[in-house]
Amino acid sequence: MAANEQHYTPPLPSFDKPVKLLIVVAPYYKDIADNLVAGARAAIKEAGATYDLVEVPGALEIPTAIAIADATSNFDGFVALGCVIRGETTHYDTVCNDSSRALSQMGLRGICIGNGILTVENRKQADVRADPSDQNKGGGAAIVALHLVALSRKWGRKTKEIGFMPASEEFLMADSGPDIGPDTA
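Conventions adopted
Residues numbered from 1 in each chain as written. Predicted model: local features only at pLDDT ≥ 70, side-chain atom pairs only at ≥ 80, totals over all residues. Heavy atoms only, no water. Helix = DSSP H or I, 4+ residues; strand = E, 2+ residues; numbered from the N terminus. Buried < 20%, exposed > 50% of the residue type's maximum accessible area, 1.4 Å probe, protein only. Contact = heavy atoms within 4.5 Å. Areas by Shrake-Rupley, 256 points an atom, 1.4 Å probe, with all protein chains shown as cover. Phe/Tyr/Trp six-rings, centres within 6.5 Å; stacked < 30°, edge-to-face > 60°. Pairing = 2+ DSSP bridges. Axes fitted to C-alpha atoms, helices over the stretch in contact; angles between N-to-C directions. Parallel < 35°, antiparallel > 145°, perpendicular 65-115°, else oblique. Left-handed = near helix turned anticlockwise from the far one by under 90°. Nonpolar A, V, L, I, M, F, W, Y, C, P; charged D, E, K, R; others polar. Core = buried A, V, L, I, M, F, W, Y, C linked by side-chain atoms within 4.5 Å.

Colleague: Got a sec to walk through the overall build of the chain? Specific residues and values, please.
Modeller: Broken down by element type, the chain carries five helices and four strands. Starting at the N terminus, the α and β elements of the chain follow one another as β-α-β-α-β-α-β-α-α. Taken across its 185 residues, the chain has 34% of its residues classed as buried. Sequence-distant contacts in the chain: of pairs separated by 6 or more residues, those separated by 24 or more amount to 77%. Accessible area for the chain stands at about 12000 Å²; split by element, carbon and sulfur atoms hold 54% of it.

Here it is as C-alpha cells:
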C-alpha cells in the first residue's frame, strides 16, 4: 500500500541571500487549507525563508494570482495550496486539470512553484494529506518551491526580463543608418 512506503526527500537547501515566497491558498475547505498553510509555514521557517500569504476564492484562481504576483512583485517562488474533493459532476475534473496545467505551464517558464493543491476522492483523504503531522503536503509544496528557488539561483541570470526591458543591463539602440535629412541633399 502506498501510504506505508518510505519516500526520499532531499535535505532543505541553504541560501546565502534571503528568500521570500508567496503562499497562495484557496480556503474553500477552511480546516484543510489551514493545515496545508501550517505545514508550509513550518517548512519555510525551517529553511530560514520568509513568506507572504494571500487567499483566493478557489483552486482555479491560484494560477492567476501567482501569474499576477510574478509579473508585479519580487517573490522568489510560490506555494500553491488548496483542496478539490470529487463531487457528483465533472467540475472536479475541470478544476483539477486546469489548475494543474496552468501551474505546470508557469513552471516550464521558470517560475518556482510548489503545487500543494490536493485532488482527492473524499474528505478523509484530504485530512490525512493536509495534516502537518501526517503526509504534510503543504510542507512538501513549500519544500519543492525552495528547491526550485535554489536551482534557479544556481543556474539563473542576475536580472529578470520585464516588459520590453532586456535581460541584461545593457540597452541596445537601433542603428538609424545614414543620416538622410534636409541638410544632406
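From this point on, the discussion continues.
Colleague: With reference to specific residues and values, describe the packing of aromatic side chains.
Modeller: The tally for this structure, following the rule as stated, stands at two aromatic pairs. Judged by centre distance (5.0 Å) and plane angle (85°), the ring pair of Y28 and Y29 falls under edge-to-face. Note on Y28: relative accessible area 63%, which makes it exposed.

Colleague: How would you explain the sheet that holds strand β1 (residues 20–25) if you had to name every residue and give the values?
Modeller: Read from one edge of the open sheet, four strands run β2-β1-β3-β4, paired in parallel fashion. Two strands close off the open sheet at either side, each with one partner strand: β2 (50–55) and β4 (113–120). Across this sheet, the average inter-strand angle for adjacent strands is 15°, counted without regard to direction. Of the strand pairs in this sheet, strand β3 (residues 77–85) and β4 are connected by eight bridges, and their pairing is parallel. The partner of C83 across the bridge, within β4, is L118. Along the sheet face, helix α5 (residues 137–155) touches β1, β3 and β4 and points at about 155° away from the line of β4.

Colleague: Could you give an account of the packing of helix α1 (residues 30–46) against α5, naming the residues involved and the relevant values?
Modeller: Taken N-terminus to C-terminus, the directions of α1 and α5 make an angle of 40°; their axes are 6 Å apart at the nearest point. Regarding the angle of α1 to α5, the classification is oblique. The hand of the α1/α5 crossing is right-handed. The segment α1 lies against α5, with L36, G39, A40, A43 and I44 engaging K137, G138, G139, A142, I143 and L146. Within the contact of α1 with α5, the residues separate by chemical class into seven nonpolar, three polar and one charged.

Colleague: Describe the nonpolar core, with residues and values.
Modeller: Among soluble globular proteins, nonpolar side chains are generally buried collectively. By size, the foremost hydrophobic cluster in this structure holds 27 residues, and its most contacted members are L21, I32, V79, L81 and L118. Those elements giving two or more residues to this core turn out to be β1, α1, β3, β4, α4 (123–130) and α5. Per-element tally for this core: the top contributor is α1, with seven residues. Residues in contact with I32, not counting those within four places in the same chain, are C83, I85, L118, R123, A126, D127 and A130. In terms of nonpolar packing, the next biggest core, distinct from the first, is built from 21 residues, V84, V95, M106 and I111 among them.

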